[in-house]
Amino acid sequence: MIARRVFLAGATALGCVGPAAGQAWPSRPIRLVAPFAPGGGSDFTSRLIAEKMGARLGQTMLVENKPGAGGNLGAEAAIKSPPDGYTYLTISGSYAINSILHKPSFDSLNDIVAIGQFTDEPTILAVNPEVPARTLKELVELCRREPGKLSYGSSGPGGLVHLGTEFFLDAAGIKATHVPYRGTAPALTDLLAGNLQFLTGGTTTMLPYIRSGKLRGLAISSTTRLAAAPDIPSYGEQGYPTVDFNLWHGMIGPKGIADEIVRRMNAELDAVLKSPEVANRLAEDGVIAVGGTSEAFMTTIRAEIDRWQTFIKRTGIKLE
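In this report, the structure presented in the accompanying data block is examined. Values in this document were obtained by computation on a predicted structure and should not be read as measured data.

What to know about the overall build of the chain
Reasoning step 1: Scanning the chain from terminus to terminus reveals eleven helices and eleven strands.
Reasoning step 2: Taking 320 residues into account, the globule formula puts the C-alpha radius of gyration at 20 Å, and the chain, at 21 Å, falls close to it.
Reasoning step 3: Each principal axis of the C-alpha distribution contributes one length, and for the chain these read about 80 × 40 × 30 Å.
Reasoning step 4: Out of the 320 residues in the chain, the part that is buried amounts to 52%.
Reasoning step 5: Of the accessible surface of the chain, which amounts to about 14200 Å², a share of 54% is contributed by carbon and sulfur atoms.
Reasoning step 6: Considering the chain, the positive charge centre built from 31 side chains and the negative charge centre built from 30 side chains are found 3 Å apart.

Written out as structure tokens, the structure reads:
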């Protein structure tokens, strides 16, 4: 009996539990929780990565959309799952903000293990073509003449789009009216209809409409101009070098996953992101494939939490 218990304990440490005890990991499908609704950037990125990683791991990697509470519903489900190597979570820049404004039931740093960063997606500030501003400087001047008259949308109060836009407004010393939505898609619909004057969104969301002339792009958060959007100047070019928030994505898991599993997941993820097929596919939309070590991604998460904590404390921003 004692020997059997020792065997089972060893199997559990390797992520082989239940019917899979004694089998090499992975012996069954792996779950990747995407804490946002289907159809958005997080969902697209999660499915692209899951498909490629599943092929390399020899097991299906299933994407489970679990939206709600600003991403905290899905995050809680994943982070509180058994650390057996079969459940992971896609996180975005909003994860850092949620840890400050939403006060989740888990520790956003100490209850997780970082697997690796997927992407870094620059954001674009775009206006409806009816807005009489062809440059960022002209938009700032409009807002200064009539503080609060122009309105901007967001994917929800306390999200990265909301806080990122406020970061720019603070840097420019101007005010505009925030109109929160349940996701970027309805905000974009109202921007196209002229019910909003401007909106900040990722390159995958905004570029198709800018290219078709339905929106006008005024600034992009990349340090240099992107090949996918050469006509859109960066914030830095226009006098706002600190406005550099991007829509990054990556993968984490619950703390306690065996080190050898973490290393394998990180290695396979890095290989996927460095493959020309994936890197080139992402670059078409102005998205940078990142990869790298799990330690580097954990450093990014900590830095993002520190950045937004400082900004929120200084400005006193609260959920609306």
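Observations regarding the nonpolar core
Reasoning step 1: If you look at the biggest cluster of nonpolar residues, it comprises 51 residues, and the most contacted ones within it are Phe168, Ile301 and Trp308.
Reasoning step 2: Among residues more than four places away in sequence, those in contact with phenylalanine 168 are Leu125, Leu136, Val140, Ile174, Tyr235, Tyr240 and Val243.
Reasoning step 3: Formed by 28 residues, the second largest nonpolar core is a distinct cluster that contains Val63, Ile257, Ile261 and Val272.

Some remarks on the pattern of salt bridges
Side chains that differ in sign of charge can pair as their charged atoms come close.
Reasoning step 1: Scanning the entire structure with this criterion turns up 14 salt bridges.
Reasoning step 2: Its salt-bridge partner being glutamate 64, residue arginine 31 comes within 3.1 Å of it at the nearest N-O pair. Of the two residues, arginine 31 is situated in strand β1 (residues 30-34) and glutamate 64 in strand β2 (residues 61-65); the sequence distance between them amounts to 33 residues.
Reasoning step 3: For glutamate 268, the salt bridge goes to arginine 56, with nearest N and O atoms at 2.6 Å. Of this pair, glutamate 268 sits in helix α9 (residues 259-274) while arginine 56 sits in helix α2 (residues 41-57), placing them 212 residues apart in sequence.
Reasoning step 4: Since its relative accessible area comes to 11%, glutamate 268 is described here as buried.
Reasoning step 5: Three or more residues are tied together by salt bridges with common partners; here these are Arg56, Arg264 and Glu268.

Quick notes on the pairing of strand β4 (residues 112-120)
Reasoning step 1: Burial within β4 is extensive, with eight of its nine residues counted as buried.
Reasoning step 2: In the sheet, β4 pairs with strand β10 (residues 249-254) via six bridges, with the strands oriented antiparallel. Directly across from isoleucine 112, in β10, lies its bridge partner proline 254.
Reasoning step 3: Judged from the three bridges that link them, β4 and strand β11 (residues 288-291) form a sheet pairing that is antiparallel. Pairing of threonine 119 across the sheet is with alanine 289, part of β11.

Comments concerning the sheet that holds strand β8 (residues 198-202)
Reasoning step 1: One open sheet holds the five strands; their spatial order is β7-β6-β8-β5-β9, and the pairing between them is mixed. Each edge of the open sheet is held by one strand with a lone partner, namely β7 (177-180) and β9 (216-220). Each strand of the sheet is rotated relative to its neighbour by a mean of 30°, with strand direction disregarded.
Reasoning step 2: For strand β5 (residues 123-127) and β9, the ladder comprises four bridges, and the chain directions are antiparallel. Bridge pairing in β9 places leucine 125 opposite alanine 219.

Quick word on the packing of helix α6 (residues 160-172) against helix α11 (residues 294-315)
Reasoning step 1: Interhelical geometry of α6 versus α11 gives an angle of 60° and a closest axis separation of 12 Å. The angle between α6 and α11 places the two elements in the oblique class. Pair α6 / α11 crosses with left-handed handedness. Note on element contacts: α11 touches α6 through Arg307, Trp308, Phe311, Ile312, Arg314 and Thr315, opposite Leu160, Leu163, Gly164, Glu166, Phe167 and Asp170.
Reasoning step 2: Residues belonging to the contact of α6 with α11 are distributed by class as follows: six nonpolar, two polar and four charged.

Some details on the side chain of serine 94
Reasoning step 1: Counting through the fold element by element, serine 94 comes out in helix α4 (residues 94-101).
Reasoning step 2: Residue classification places serine 94 among the buried positions, given a relative accessible area of 12%.
Reasoning step 3: Each residue touching serine 94, except ones within four places of it in the same chain, is listed here: Gly159 and Leu160.

About the cut-offs
Residues numbered from 1 in each chain as written. Predicted model: local features only at pLDDT ≥ 70, side-chain atom pairs only at ≥ 80, totals over all residues. Heavy atoms only, no water. Helix = DSSP H or I, 4+ residues; strand = E, 2+ residues; numbered from the N terminus. Rg over C-alpha atoms; globule rule 2.2 N^0.38 Å. Buried < 20%, exposed > 50% of the residue type's maximum accessible area, 1.4 Å probe, protein only. Areas by Shrake-Rupley, 256 points an atom, 1.4 Å probe, with all protein chains shown as cover. Lys, Arg positive; Asp, Glu negative; His and termini not counted. Charge placed at Lys NZ, Arg CZ, Asp CG, Glu CD. Core = buried A, V, L, I, M, F, W, Y, C linked by side-chain atoms within 4.5 Å. Contact = heavy atoms within 4.5 Å. Salt bridge = Lys/Arg side-chain N within 4 Å of Asp/Glu carboxyl O. Pairing = 2+ DSSP bridges. Axes fitted to C-alpha atoms, helices over the stretch in contact; angles between N-to-C directions. Parallel < 35°, antiparallel > 145°, perpendicular 65-115°, else oblique. Left-handed = near helix turned anticlockwise from the far one by under 90°. Nonpolar A, V, L, I, M, F, W, Y, C, P; charged D, E, K, R; others polar.

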